[in-house]
There are 2 protein chains.
Amino acid sequence: MSDAPPLPGAPVRGSKSGKPIMALFDLLGRNWAMGILWQLSGGPLSFRALQEACGGVSPSVLNKRLKELRACGLVAQNGGYCLSAQGAELFTLLKPFGPWAEKWAEGLHSPPPG
Amino acid sequence: MSDAPPLPGAPVRGSKSGKPIMALFDLLGRNWAMGILWQLSGGPLSFRALQEACGGVSPSVLNKRLKELRACGLVAQNGGYCLSAQGAELFTLLKPFGPWAEKWAEGLHSPPPG
DNA sequence: GCTATCGCTACTGAAAGAGTAGCGAATCGA
DNA sequence: TCGATTCGCTACTCTTTCAGTAGCGATAGC
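Heads up: these notes are all about the structure in this document.

Reading guide: rules and limits
- Residues numbered from 1 in each chain as written.
- Chains lettered and ligands numbered in written order.
- Predicted model: local features only at pLDDT ≥ 70, side-chain atom pairs only at ≥ 80, totals over all residues.
- Heavy atoms only, no water.
- Helix = DSSP H or I, 4+ residues; strand = E, 2+ residues; numbered from the N terminus.
- Expected span 1.5 Å × (residues − 1).
- Contact = heavy atoms within 4.5 Å.
- Least-squares fit on C-alpha atoms with pLDDT ≥ 70 in both.
- Buried < 20%, exposed > 50% of the residue type's maximum accessible area, 1.4 Å probe, protein only.
- Arc of directions from axis to C-beta.
- Salt bridge = Lys/Arg side-chain N within 4 Å of Asp/Glu carboxyl O.
- Buried area = accessible area lost by both parts, 1.4 Å probe.
- Polar contact = N/O pair within 3.5 Å; in protein donor to acceptor, adjacent residues only side chain to side chain.
- Nonpolar A, V, L, I, M, F, W, Y, C, P; charged D, E, K, R; others polar.
- Near = heavy atom within 4 Å.

Considering helix α4 (residues 59-71) of chain A
Point 1. For α4 of chain A, which comprises 13 residues, the first-to-last C-alpha distance of 18 Å matches the rise-based estimate of 18 Å (1.5 Å per residue) to within 8%.
Point 2. Buried residues along α4 of chain A sit in contact with α1 (20-28), α2 (33-40), α3 (47-53), β1 (75-77) and β2 (81-83) of chain A.

Focus on the relation of the copies chain B and chain A
To go from the first copy of the chain to the second, apply a rotation about an axis and then a shift along the same axis.
Point 1. You can overlay chain B on chain A at an RMSD of 0.0 Å; the transform is a turn of 180° with a shift of 0.0 Å along its axis. Here the copies are linked by what is in effect a two-fold axis. If distances are taken from each C-alpha of chain B to the rotation axis, the shortest is found for glycine 29 of chain B, at 2.0 Å.
Point 2. An overlap of 100% is found between the interface residues of chain B and their copies at the interface of chain A, pointing to a shared contact surface.

Some remarks on helix α4 (residues 59-71) of chain B
All names here are of chain B.
Point 1. Among the residues of α4, those classed as buried are Leu62, Arg65, Leu66, Glu68 and Leu69. For α4, the angular spread of buried residues about the axis comes to 165°, placing them on one side. For α4, the exposed residues lying more than 90 degrees away from the buried face are Ser60 and Lys67.
Point 2. Turning to α4, the residues buried within the fold contact α1 (20-28), α2 (33-40), α3 (47-53), β1 (75-77) and β2 (81-83).

As for the pattern of salt bridges
Point 1. For the coordinates displayed, the defined rule picks out 8 salt bridges over all chains.
Point 2. Among the salt bridges present, the one from glutamate 89 of chain B reaches lysine 103 of chain A, with a minimum N-O distance of 2.8 Å. Linking glutamate 89 of chain B in helix α5 (residues 85-94) with lysine 103 of chain A in helix α6 (residues 97-109), this pair reaches from one chain into another.
Point 3. Classification of glutamate 89 of chain B as partly exposed rests on a relative accessible area of 32%.
Point 4. Connected through shared salt-bridge partners, Asp26, Arg30, Arg65 and Glu68 of chain A make up one network.

Here we look at the interface of chain B and chain A
Point 1. Taken together, the contact between chain B and chain A spans 42 residues of the former and 42 residues of the latter.
Point 2. Roughly 3800 Å² of surface becomes buried between chain B and chain A when both sides are summed, with 74% attributable to carbon and sulfur atoms.
Point 3. For the chain B face of the interface with chain A, the top three residues by lost area are Phe97, Trp100 and Trp104 of chain B, together amounting to 21%.
Point 4. In this structure, the connection of chain B to chain A is made through 2 salt bridges.
Point 5. Joining chain B to chain A, the criterion identifies 6 residue pairs in polar contact (both at pLDDT 80 or more).
Point 6. Those elements giving two or more residues to the side of chain B that touches chain A turn out to be α1, α2, α5 and α6 (97-109) of chain B.
Point 7. Examining the composition of the side of chain B that touches chain A, we find that 10 residues originate from one element, α6 of chain B, more than from any other.
Point 8. Tallied by class, residues from the side of chain B that touches chain A come to 27 nonpolar, 10 polar and 5 charged.

Considering the protein's contact with DNA strand C
Point 1. The environment of DNA strand C is formed by 20 residues, the closest being Ser46, Arg48, Asn63 and Tyr81 of chain A together with Arg65 of chain B.
Point 2. Near-protein atoms of DNA strand C (within 4 Å) split between backbone and bases, with sugar and phosphate holding 57%.
Point 3. Phenylalanine 47 of chain A has a polar backbone atom sitting 2.8 Å from a phosphate oxygen of DNA strand C.
Point 4. Interatomic distance of 3.2 Å between a side-chain N/O atom of serine 60 of chain B and a base oxygen of DNA strand C.
Point 5. Of the residues in the surface near DNA strand C, the class split is 7 nonpolar, 8 polar and 5 charged.

Note that every value here comes from positions in space, so none of it alone points to a role or purpose.
This is the structure in structure tokens:
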């Protein structure tokens, strides 16, 4: 498939519905996309700092994700990378995943009741 | 990498932090993972119905995702597939992405003000 | 000039995904 | 009982994506 970011309205990786939610899932479902938003929520980061924060992800993938996220209006670049207004808005939806993941991790280590 | 699902505490695709949130992002960041949760939120679906709902995703990928999501306690199987209690809980966090994606799609088709 | 860092590109080998065909089991109607 | 259909799922091939590494041109400090 092309290198185009999954704009809503256009067909999505493996789906032709073009539903905005599916385009968003396609965008966020690419490796490190959500991790990048997560790391940028703490403030602007340079390319290499972001790469470091993402566990040393390869620069080719990082650059690809950043281009996609910028094309979709979630990430801005004014000397270093940061969340756009929309990106910050999306992060407010993403934020509760943090504490939920903690709870979820505990539940996986102790067997469920019943 | 192995076929193991990204359990929190264990290293994650491309990251060694083992942070629950990163494990969750790794799990949800695989193709169709969030789409499957989204479709199952409407009620139980058979394998083929789910495959249809996901735009004809290939059965090999669908089965792989379902195994991972079951191993991580998000999807249950009692004749047909459905969200587990935890999966339903996670969906409540995922749900606001729907209307947000709609708004986001509009913003991409009309230029930003200013 | 030399060194160091920056953003980013190019390459290679490995992994994941798309797409298709088809199996064994259950279900249906005749 | 038989054939046809549907089911969950596996196996295979081909393409895309990703990880990992090396290195470029530009900038900054010494």
